[in-house]
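Residue-level structural notes
Listed below are the residues making up each chain.
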Amino acid sequence: MDLKTIQKYLIYQFSSEAELVNAIQEISQKFTTQREDIRDYINDKKLVAAYTCFYLATNLPKLAATLEKVEIDLGDFSACEFIDIGCGPGTFSLALLEQNDALKISAIEISDQMREQASILLDGIFPHAKVSFYSSAKKLPKKETKRFGIFGHSANEMQLTQIKEIIETLSLDYILFIEPGTKEFFHKSLEIRDVLKDKYITHYPCRGGNLACPLKDSNDWCHQYLHVAHAPSVERLTQLAKKDRRALPIIINFYTQEKLNSIQNSARVIRSFPPTKFSLEWQLCEFSNNSHQIVNLQVLSRHLKKARFKELAKIVAGDKITYTPDKSFDGKVRGKVSD
């Protein structure tokens, strides 16, 4: 979506491009060096509008990329009520409507200014969409159908008890977390999994459900990468703000109440190392023999055609991979990646 479309529906109109960029940089500073003031911006119409121009615009492609990575077909869930939890200016509600404008969406947001911005934006772009706004989970009507909840960059700003209460209040059937790819949220995501494990099954990123994470007690963490493209006007804004938003570290977790089939001998990429002339290498989390284990896989480049090498070099953290091992040495497994 281009920036001009979004700017038509802002609750604050910027007098210049420079004013917009300055406001974006002010928000960014709160996100990084002034974390104690992180929620202040949601009560300021100018900052809410700046957030919408930059973060909504650059986060919109994340949903489609996430659905592809997790292998979710929204058509399978079209009868669900989608709950956008902590919807902000309507980022993931808008992204859902871009996928299917017939979806029923309930958007929850505590900030009056954010709800106002989301309502104006969604009404302007999708005037016939079925979207309702609420200030808290407790204000939603009684559940009538299955519910698909999305925490889109909101769970990282909540306490664990808040997340648990929201999930229980809404009685969610499916839960998708799309959150920052930080070490802090990774450890929080393990706490969330522990809270949910009696009622929900982990579908992504883990290949074997609720088994113990092999990185739980390490200094490393599991996260994913999304490569997304933006409209030229949005890309220009990222350049002015000096923030590259094309390769995005992210943590995706998807939970269901349905029992999943165990997928043995498959792996999820945790880390993709820079390719060399000699080889391609990845760190994998492999589900085999009913447990998760870390595997360092090396594929020799001399066995690959140039086109295949380029194809495999595009594999990033979060992708699924299947391979055939040849031999092990120095803590690594050398093998071949399946087509």
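Details of the structure are given in the entry above.
Below is a summary of the structure that appears in this document. This is a predicted model, so every value here is computed, not measured.

Further remarks concern the overall build of the protein chain. Looking only at helices and strands, one finds 9 helices and 14 strands in the protein chain. By residue count, 52% of the 339 residues in the protein chain fall in the buried class. The contacts of the protein chain with a sequence gap of at least 6 include a subset with a gap of at least 24, amounting to 72%. Carbon together with sulfur atoms contributes 48% to the accessible area of the protein chain, which is approximately 16,400 Å² in total. Between the averaged position of the 46 positive side-chain charges in the protein chain and that of its 42 negative side-chain charges there is a distance of 5 Å.

Moving on, we come to the side chain of Asp84. As for its placement among the helices and strands, Asp84 is situated in strand E1 (residues 81–85). Among the residues examined, Asp84 registers a relative accessible area of 2% and is labelled buried. Only 2.7 Å separates the side chain of Asp84 from the side chain of Ser93, close enough to count as a polar contact. The residues contacting Asp84, other than those within four sequence positions of it, are Phe92, Ser93, Ser106, Ala107, Ile108 and Ile150.

Before going further, it helps to examine the sheet that holds strand E10 (residues 279–288). The 6 strands are arranged E12-E9-E10-E11-E14-E13 in an open sheet whose pairing can be described as mixed. Each end of this open sheet is capped by a strand with a single partner; those strands are strand E12 (320–321) and strand E13 (323–329). Both strand E11 (residues 291–300) and strand E14 (residues 332–337) contribute to a ladder of 2 bridges, which runs parallel. In the sheet register, Leu297 faces E14, and the bridge partner there is Val333. Sheet strands in contact with helix H9 (residues 306–313) are E10 and E14, and its direction is about 55° off that of E10.

Right, let's get into the nonpolar core. Grouped together as the largest cluster of nonpolar side chains are 61 residues, with contacts concentrated most on Leu63, Phe82, Phe148 and Phe254. Element by element, the count of residues in this core is highest for helix H3 (residues 45–70), at 15 residues. Counting 29 residues, the second-largest nonpolar core is a separate cluster that includes Phe151, Ile167, Ile175 and Leu196.

Moving on, we come to the pairing of strand E3 (residues 130–134). The sheet contact formed by strand E2 (residues 104–108) and E3 spans 5 bridges and is parallel. Note that in E3 the partner of Ile108 across the bridge is Tyr134. The parallel pair E2 and E3, bridged by helix H5 (residues 112–125), forms a crossover whose chirality is right-handed.

What follows concerns the pairing of strand E5 (residues 174–180). For E5, a buried count of 6 out of 7 residues is recorded, marking the element as mostly surrounded by other parts of the structure. Sheet topology note: the strand E4 (residues 147–152)/E5 ladder contains 5 bridges and is parallel. Note on E5: the bridge partner recorded for Phe148 is Tyr174. With helix H6 (residues 160–170) bridging E4 and its parallel neighbour E5, the resulting β-α-β unit is right-handed. With 7 bridges joining them, E5 and strand E8 (residues 247–256) adopt antiparallel strand pairing. By the bridge assignment for E8, Glu179 is matched with Ile251.

Now for H5. Over its 14 residues, H5 runs 20 Å from end to end, which matches the ideal 20 Å to within 8%, given 1.5 Å per residue. Among all positions of H5, only Gln113, Met114, Arg115, Gln117, Ala118, Leu121 and Leu122 are buried. Where the residues of H5 are buried, they touch helix H1 (3–7), H3, helix H4 (91–99) and E3. Two or three places before Gln113, at the start of H5, stands the capping residue Ser111, its side-chain oxygen 3.4 Å from that residue's backbone nitrogen.

Attention shifts here to the environment of Val48. Mapped onto the elements, Val48 comes out in helix H3. Taking the C-alpha atoms as reference points, Val48 and Met1, 47 residues apart in sequence, are found 18 Å from one another. With near-sequence residues (within four places) excluded, Val48 lies in contact with Ile11, Tyr41, Ile42, Gln113, Met114 and Gln117.

What the rule picks out here adds up to 18 salt bridges. Salt-bridge contacts for Asp319 lead to Lys69; the nearest nitrogen and oxygen are separated by 2.6 Å. Taken as a pair, Asp319 in the loop between H9 and E12 and Lys69 in helix H3 lie far apart in primary sequence, 250 residues in all. Across the pair, exposure class does not vary: Asp319 and Lys69 are buried alike. Of the charged contacts in the structure, one is a salt bridge between Lys164 and Glu168, with a shortest N-O distance of 2.7 Å. Residue Lys164 and its partner Glu168 are located together in helix H6, separated by 4 residues, close to a single helical turn. Through salt bridges with shared partners, a single network forms among Glu235, Asp244 and Arg246.

So, how was this worked out
- For every chain, the first residue of its written sequence is number 1, and the numbers climb from 1 along that sequence.
- The model is predicted, so local features are restricted to residues of pLDDT at least 70 and side-chain atom pairs to those at 80 or more, both for listing and for counting; the totals for chains, interfaces and linings are taken over all residues.
- Side-chain figures throughout are based on the complete set of non-hydrogen atoms in the structure, without hydrogens or water.
- The way it works is that DSSP assigns letters per residue, a run of H or I at least four long becomes a helix, a run of E at least two long becomes a strand, and they are numbered from the N terminus.
- Note on classification: 1.4 Å probe, protein chains only; a residue is buried when its accessible area is under 20% of the maximum for its type, exposed when over 50%, partly exposed between these limits.
- By definition in these notes, contact holds between two residues if any of their heavy atoms fall within 4.5 Å.
- Per-residue accessibility takes into account occlusion by the displayed protein chains alone, with areas from the Shrake-Rupley method and a 1.4 Å probe.
- We count Lys and Arg on the positive side and Asp and Glu on the negative side, and we leave His and both chain ends out.
- Here the site of a charge means atom NZ of a Lys, CZ of an Arg, CG of an Asp or CD of a Glu.
- The term polar contact refers here to a pair of N or O atoms within 3.5 Å; inside protein, the definition further demands a hydrogen-donor-capable atom paired with an acceptor-capable atom, and it admits residues adjacent in sequence only when both atoms are side-chain atoms.
- Strand pairing is assigned whenever DSSP identifies at least 2 bridges connecting the two strands.
- The axes used here are C-alpha line fits, helices contributing only the stretch in contact, and every angle between their N-to-C directions lies in the interval 0 to 180 degrees.
- As used here, the term nonpolar core means buried Ala, Val, Leu, Ile, Met, Phe, Trp, Tyr and Cys residues forming a set that is joined through side-chain atoms within 4.5 Å.
- With the strands pointing away from the viewer, any crossover whose connection runs clockwise from the first strand over the helix to the second is right-handed.
- Expected span, for any helix, means 1.5 Å times one less than how many residues it has.
- A pair is scored as a salt bridge if a Lys or Arg side-chain nitrogen falls within 4 Å of a carboxyl oxygen belonging to Asp or Glu.

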